[in-house]
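Chain and residue survey
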Amino acid sequence: MKVGGPFAFSGALATRANILTTVARLEQLGFDHIWMGEHIYHPKVMSEPYPHTADGRLPYDPEENFLEIVSTYSFVAAATTTLRLHTNILMPAMRQPFLAAKQLSTLDYLSTGRLDLGLGLGWMPEEYALAGVPWKTRGRYLDEWILAIRAYMAGEAFEGRFYRFREGFFAPMPVQSPLPIWIGGDSDAAMQRAARLGQGWQPVGPRDAFVRATWLEPRLAKIAEARSAQGKDMSDFSVMTSFAFDRREPARMLDELSRLAHAGVTHVNVRFGELSTTDPLERVLDDAAWIAAELMPSARCL
């Protein structure tokens, strides 16, 4: 199992100096990846509650820094050599596919093949209105966006509902072929999209890790069935989910990791509370060091 460490892309800790300190320490500790989310816009009054907290409130302060993915990861790529750079998630509706293809391919090229492109729909209608993409067509738009950037990177012609273009030249190509795409979301449509178009799936699922593991098993069976129908197996398909940190219960944490691995999870993002904490960065990095020493050796064997 691969383990992702803390990376404060939002909140009080989201500063240049903290980023440099964090990624250097995570590489030293042996973490596999960092992850970073995306929001382009935060209305002062949201029409929909945040779906992943009990009270519907954002788990971070929208008045604090919220860094942009491609420019931040370009900065991180220059300061690291081993950490993989995972987007969790990038929303295609916010990004015109031709420029996005060039940015993402360049990022993979300059990072020597360390980009994992997690894509999803998000949950905020206001962002779609800002981007001029109808909320009702968001799923079809995402499907076509993936196909369009694949064709564009390969220099191929493409004819779709939203985009069409002729053959052309494209460079630099991403180091990874294909550039790995992970699909975020819990819905049946997201699962089918992951099976059809992705190299991985990023579900949220129930908050409790044991419950989530049970929840995952039949859904991964459906993905396996869909991939089998396309002549593909699960050997090169990855599953990433989050994992709550609790230093007081190391045995329980290891049991949770084991159960998630048994269900089919290959990557976990450990939640250190770094996006909303007012504590010093050293507290977060001390927790990361504890994970590296106490749990990561066992996680590597799962």
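Provided above is the structure to which this section pertains.
Residues numbered from 1 in each chain as written. Predicted model: local features only at pLDDT ≥ 70, side-chain atom pairs only at ≥ 80, totals over all residues. Heavy atoms only, no water.

1. Observations concerning the packing of aromatic side chains
- Applying the stated rule across the entire model yields 17 aromatic pairs.
- Ring geometry for Phe-9 against Trp-35: centres 5.4 Å apart, planes inclined by 70 degrees, an arrangement best described as edge-to-face. Of this pair, Phe-9 sits in the loop between β1 (2-4) and α1 (16-29) while Trp-35 sits in strand β2 (residues 33-36); the two residues are 26 residues apart in sequence, bridging distant segments of the chain. Trp-35 shares its class with Phe-9; the two are buried.
- Ring pairs connect the aromatic residues Phe-98, Tyr-141, Tyr-152, Phe-158, Phe-162, Tyr-163, Phe-165 and Phe-170, which therefore count as one cluster.
- Here the basic side chain of Lys-102 rests over the ring of Phe-170, its NZ or CZ set 5.0 Å away from the ring centre.
- In this arrangement the basic side chain of Arg-138 is found over the ring face of Trp-135, its NZ or CZ atom lying 3.9 Å from the centre. (Phe/Tyr/Trp six-rings, centres within 6.5 Å; stacked < 30°, edge-to-face > 60°. Helix = DSSP H or I, 4+ residues; strand = E, 2+ residues; numbered from the N terminus. Buried < 20%, exposed > 50% of the residue type's maximum accessible area, 1.4 Å probe, protein only. Lys NZ or Arg CZ within 6 Å of the ring centre and 35° of its normal.)

2. Thoughts on helix α2 (residues 69-79)
- The set of residues buried in α2 consists of Ile-69, Val-70, Thr-72, Tyr-73, Val-76 and Ala-77. An end-on view of α2 places all buried positions within 160 degrees of arc, on one side of the element.
- Buried-residue contacts for α2 involve α1, β2, β3 (84-87) and α3 (97-110).
- If you check the start of α2, you find a side-chain oxygen 3.0 Å away from the backbone N of Val-70, and it comes from Glu-68. (Arc of directions from axis to C-beta. Contact = heavy atoms within 4.5 Å. Polar contact = N/O pair within 3.5 Å; in protein donor to acceptor, adjacent residues only side chain to side chain.)

3. Observations regarding the pairing of β3
- Examined bridge by bridge, β2 and β3 share four bridges and lie parallel to one another. In the sheet register, Ile-34 faces β3, and the bridge partner there is Leu-85.
- Taken together, β2, α2 and β3 form a β-α-β motif whose crossover is right-handed.
- Where β3 lies against strand β4 (residues 115-119), two bridges are found, and the strand directions are parallel. Within the sheet, the bridge partner assigned to Leu-85 lies in β4 and is Leu-115.
- Viewed along the sheet, the connection from β3 through α3 into β4 turns out right-handed. (Pairing = 2+ DSSP bridges. Right-handed = clockwise from strand over helix to strand, strands pointing away.)

4. Here we look at the pairing of strand β10 (residues 267-271)
- Most of β10 is tucked away: four of the five residues are buried.
- Judged from the three bridges that link them, β1 and β10 form a sheet pairing that is parallel. Within the sheet, the bridge partner assigned to Gly-4 lies in β10 and is Asn-269.
- In this sheet, β10 lies alongside strand β9 (residues 238-244) in parallel orientation, the contact comprising five bridges. Bridge assignment links Met-240 to a residue of β10, and that residue is His-267.
- For the crossover that starts at β9, traverses helix α8 (residues 250-263) and ends in the parallel β10, the hand is right-handed.

5. Some remarks on the side chain of Thr-22
- Tracing the backbone shows Thr-22 in helix α1.
- Apart from residues no more than four positions distant in its own chain, Thr-22 is found in contact with Pro-6, Leu-281 and Leu-285.

6. What about the pattern of salt bridges?
- Enumeration over the complete set of coordinates arrives at 17 salt bridges.
- In this structure, the salt-bridge partner of Glu-159 is Arg-164, at a minimum N-O distance of 3.0 Å.
- Between Asp-208 and Arg-252 there is a salt bridge, with its nearest N and O atoms 3.2 Å apart. Residue Asp-208 is found in the loop between β8 (200-202) and α7 (209-229), and its partner Arg-252 is found in helix α8; the two are separated by 44 residues along the sequence.
- A relative accessible area of 33% means that Arg-252 is categorised as partly exposed.
- Here the salt bridges share partners, and the residues they tie into one network are Arg-247, Asp-279, Arg-283, Asp-286 and Asp-287. (Salt bridge = Lys/Arg side-chain N within 4 Å of Asp/Glu carboxyl O.)

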